[in-house]
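# Understanding the architecture of this molecule
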Amino acid sequence: GEDVEQSLFLSVREGDSSVINCTYTDSSSTYLYWYKQEPGAGLQLLTYIFSNMDMKQDQRLTVLLNKKDKHLSLRIADTQTGDSAIYFCAVANDNQAGTALIFGKGTTLSVSS
Amino acid sequence: DAMVIQNPRYQVTQFGKPVTLSCSQTLNHNVMYWYQQKSSQAPKLLFHYYDKDFNNEADTPDNFQSRRPNTSFCFLDIRSPGLGDAAMYLCATTAAQGYEQFFGPGTRLTVL
């Protein structure tokens, strides 16, 4: 089955850029998502990208997709202390309602001032 | 605001004592999901409802059941909780033609 891998920890200084990486195994993954989870809270969808796109930018967030290498990244520009959270990469091979999202284990982003 | 609500936020139960977790949504979405997230692990789908149709993931233990009495509510029943069932349980919803899953805040279950 699909396997999604992420590095577990990333530490950056406030104002720097953060890059969180994700790799997946199923080349038919069509919908790719980044979710943010703050302590004690549920998952919040940050952004998403479809497999027919290479890049998507949304304010401070930039998502890059390399389909050949099955690699997804999330770049957060001008990282703030409020960005400290766990970031989950998730993929799905279609958008039919009921399709399971396959999540990575999450990357804990720590931002120091 | 329209949202996904989970109650309680924290639930403590005893080994083997049945427990029910609740999820409600004001989004009027067709699909409701239950995910299990163990400590430092990825959320894992247990099952979902598409309207009244129940869909179980192949590796979901029989100990876990679900009920959806109406569009707004969905319940997760754990018949005989074991220590290994301690986790965060996340409810999510999506519209029939949507691709975004909206998550609730989760219920953290402790089994003593």
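Residues numbered from 1 in each chain as written. Chains lettered and ligands numbered in written order. Predicted model: local features only at pLDDT ≥ 70, side-chain atom pairs only at ≥ 80, totals over all residues. Heavy atoms only, no water.

### Side note on the overall build of chain A
Which entries qualify depends on this criterion: Each helix is a run of DSSP H or I of at least 4 residues and each strand a run of E of at least 2, with the numbering of both proceeding from the N terminus. Radius of gyration means the value over C-alpha atoms here, while the globule rule gives 2.2 Å times the residue count to the 0.38 power. Each residue is assigned to one of three classes by its accessible area relative to the maximum for its type, calculated with a 1.4 Å probe on protein chains only: buried under 20%, partly exposed between the two thresholds, exposed over 50%. The contact criterion used is simple: two residues touch if any of their non-hydrogen atoms lie within 4.5 Å. Note on charges: Lys and Arg go in the positive column, Asp and Glu in the negative column, and His and the chain ends are not counted at all. Working definition for charges: the position is that of NZ of Lys, CZ of Arg, CG of Asp or CD of Glu.
Looking only at helices and strands, one finds 0 helices and 11 strands in chain A. Along its sequence from the N terminus, chain A presents helices and strands in the succession β-β-β-β-β-β-β-β-β-β-β. Here the C-alpha radius of gyration of chain A, 14 Å, is about what a compact globule of 113 residues would show, namely 13 Å. Looking at the 113 residues of chain A, the share that counts as buried comes to 44%. Counting contacts in chain A only where the partners sit at least 6 residues apart, residues at least 24 apart contribute 55% of the total. Averaging the locations of the 9 positively and 13 negatively charged side chains of chain A gives two centres separated by 3 Å.

### A short note on the side chain of Gln-6 of chain B
Residues and elements named next belong to chain B. Basically, it comes down to this: We define a polar contact as two N or O atoms separated by no more than 3.5 Å, with the added condition that, inside protein, one atom must be a possible hydrogen donor and the other a possible acceptor, whereas residues neighbouring each other in sequence contribute only through side-chain atom pairs.
Within the secondary structure, Gln-6 is located in strand β1 (residues 4-7). A relative accessible area of 1% means that Gln-6 is categorised as buried. Separated by 2.9 Å, the side chain of Gln-6 and the backbone oxygen of Tyr-89 make a polar contact. A polar contact is formed between the side chain of Gln-6 and the backbone nitrogen of Cys-91, at a distance of 3.0 Å. With sequence-adjacent residues up to four places away left out, Gln-6 is seen in contact with Ser-22, Cys-23, Trp-34, Tyr-89, Leu-90, Cys-91, Gly-104, Pro-105, Gly-106 and Thr-107.

### Considering the nonpolar core
Condition: The term nonpolar core refers to a set of buried residues drawn from Ala, Val, Leu, Ile, Met, Phe, Trp, Tyr and Cys, joined through side-chain atoms within 4.5 Å.
Core analysis: the largest hydrophobic core is formed by 21 residues, its most contacted members being Leu-32, Trp-34, Leu-72, Leu-74 and Tyr-87 of chain A. Going through the elements one at a time, β3 (18-24), β4 (31-37), β5 (43-50), β7 (61-66), β8 (71-76), β9 (85-92) and β11 (107-112) of chain A are the ones with two or more residues in this core. Residue contributions to this core peak at 4 residues, all from β9 of chain A. In this structure, Tyr-35, Leu-43 and Phe-88 of chain A together with Ala-42 of chain B belong to the second largest nonpolar core, which totals 19 residues.

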